[in-house]
Amino acid sequence: NVTVYYPGETLDESINGTVKIALIGSDSYEPGGMYDWQGKFAEGLAKLADPVGGQGLLMYKNLNYTILNCKPANPPHNPTMDINNPEMVTKVSASFDFCSVADAIFLNFLKKSTSMMPVFELGYLAASGKLVVRCPNEYVYQPLVQLDCPRHGIHMYPCQMTNVLT
């Protein structure tokens, strides 16, 4: 019930009729990444949507989901932010493409991240009306996120899920 796409993979007709969720997180911009919260998210969603396993919630059963994971499946060989870096261009272009077709965009700030890029993405995606934000108090730019979300009518979720999504 859950299919995952990564930057560089071509979206096809199979995503039609599914609930499409784009995942963006501050770890995508840290050297080597920080934590595979996207994988945990997909696993948890698969359990919720499981029509047979007994763990699924009735309102999610028999729905098909497409996870548009903006974090590359493999760490980039060249993480340099440069328009002449094809890996960077593919990753950023995929993020924009994924977010444009998504039904919902989950922007997850991790408390140990020092990246400013997700704050930029928050500003870029705020007008989409699709954004859900999770930002812990420990994130270095949390005050900026806390100030920006209400200006765009975006609910910023507190971090009770820290044990799962840290």
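From a predicted model like this one, the values you see are computed outputs, not experimental measurements.

**A short note on the overall build of the protein chain**
- The secondary structure content of the protein chain amounts to five helices and six strands.
- Counting helices and strands in the order they occur from the N terminus, the protein chain gives β-β-α-β-α-β-α-β-α-β-α.
- Here the protein chain, with 166 residues, has 40% of them falling under the buried criterion.
- Considering only contacts in the protein chain between residues 6 or more positions apart, those separated by 24 or more positions represent 71%.
- Only carbon and sulfur atoms are counted for the fraction: they give 56% of the accessible area of the protein chain, which is about 9100 Å².

**What about the sheet that holds strand β3 (residues 65-69)?**
- Spatially, six strands are ordered β1-β3-β2-β4-β5-β6 in an open sheet, and the strand pairing comes out parallel. Each edge of the sheet is formed by a strand with only one pairing partner; in this case those strands are β1 (2-5) and β6 (156-157).
- Sheet topology places strand β2 (residues 19-25) next to β3; five bridges connect them, and they run parallel. Bridging from a neighbouring strand, isoleucine 21 pairs with isoleucine 67 of β3.

**Some words on the confidence of the model for the protein chain**
- In this model, the protein chain carries an average pLDDT of 81, and 82% of its residues clear a pLDDT of 70 or more.
- When pLDDT is averaged over each element of the protein chain, helix α4 (residues 142-151) comes out on top at 93 and helix α5 (residues 162-165) at the bottom at 41.
- Below pLDDT 50 for its whole length, residues 161-166 participates in 14 contacts with residues either more than four positions away or in separate chains.

**Points about the pattern of salt bridges**
- Taken as a whole and judged by the stated rule, the model has one salt bridge.
- The partner of lysine 20 in a salt bridge is aspartate 103, and the shortest N-O contact between them spans 3.6 Å. Placement of the pair is lysine 20 in strand β2 and aspartate 103 in the loop between α2 (86-101) and β4 (104-108), with a sequence separation of 83 residues.

**With respect to the packing of aromatic side chains**
- Following the criterion strictly, the structure yields six aromatic pairs and no others.
- Cluster of aromatic residues (ring-pair linked, three or more members): Trp37, Phe41 and Phe106.

**Brief notes about the pairing of β2**
- Buried residues dominate β2, accounting for six of its seven residues.
- Relative to β4, β2 runs parallel, the two sharing five bridges. Looking at β4, one finds that isoleucine 21 is bridged to alanine 104.

**As for the side chain of glutamine 142**
- Structurally, the position occupied by glutamine 142 is in helix α4.
- A polar contact of 3.4 Å, which involves the side chain of glutamine 142, links it to the side chain of asparagine 137.
- Every residue in contact with glutamine 142, bar those within four places of it in the chain, is listed here: Cys135, Pro136, Asn137 and Met156.

**Observations regarding helix α3 (residues 117-125)**
- Within the span of α3, buried status applies to Met117, Pro118, Val119, Glu121, Leu122 and Leu125.
- Each element contacted by the buried residues of α3 is listed here: β2, α2, β4, β5 (131-134) and α4.

**Focus on the nonpolar core**
- Ile105, Phe109, Leu122, Leu131, Val133 and Val145 are the most contacted members of the largest nonpolar core, which totals 23 residues.
- Of all the secondary-structure elements, those providing two or more residues to this core are β2, α2, β4, α3, β5 and α4.
- Ranked by residue count, the leading element in this core is α3, at three residues.
- Sequence-distant contacts of isoleucine 105, that is, excluding residues within four places in its chain, are made with Ala22, Ile24, Cys99, Leu125, Ser128, Lys130, Leu131 and Val132.
- Counting residues in hydrophobic clusters, the runner-up holds ten residues, among them Ile21, Leu23, Tyr65 and Phe106.

Calculation rules
Within each chain, residues carry numbers counting from 1 in the order of the written sequence. Only residues with pLDDT of 70 or above have their local features reported here, since the model is predicted, and side-chain atom pairs are shown and tallied only from 80 upward, although totals for entire chains, interfaces and linings are computed over all residues. Hydrogens are left out, water is left out, and the side-chain values use all remaining heavy atoms of the structure. Going along the chain from the N terminus, every DSSP run of H or I of four or more residues is numbered as a helix, and every run of E of two or more is numbered as a strand. Burial status follows relative accessibility: with a 1.4 Å probe on protein chains alone, a residue under 20% of its type maximum counts as buried, one over 50% as exposed, and anything between as partly exposed. Contacts between residues were defined by any pair of non-hydrogen atoms, one from each residue, lying within 4.5 Å. Residue-level accessible areas treat just the shown protein chains as cover; the underlying method is Shrake-Rupley with a 1.4 Å probe. In this scheme, strands are said to pair when DSSP sees at least two bridges between them. Here pLDDT means the predictor's own confidence in every residue, given as a number from 0 to 100. The rule for a salt bridge is simple: a side-chain nitrogen of Lys or Arg has to be within 4 Å of a carboxyl oxygen of Asp or Glu. When the centres of two rings from Phe, Tyr and Trp lie within 6.5 Å, Trp using its six-membered ring, the rings pair. Their planes under 30 degrees apart give stacked, over 60 give edge-to-face, and anything left gives tilted. Identification of polar contacts relies on pairs of N or O atoms within 3.5 Å, with a donor-acceptor requirement for protein atoms, meaning one able to donate a hydrogen and the other able to accept it, and with residues adjacent in sequence counted only if both atoms are side-chain atoms. We define the nonpolar core as a collection of buried residues of types Ala, Val, Leu, Ile, Met, Phe, Trp, Tyr and Cys that are connected through side-chain atoms lying within 4.5 Å of one another.

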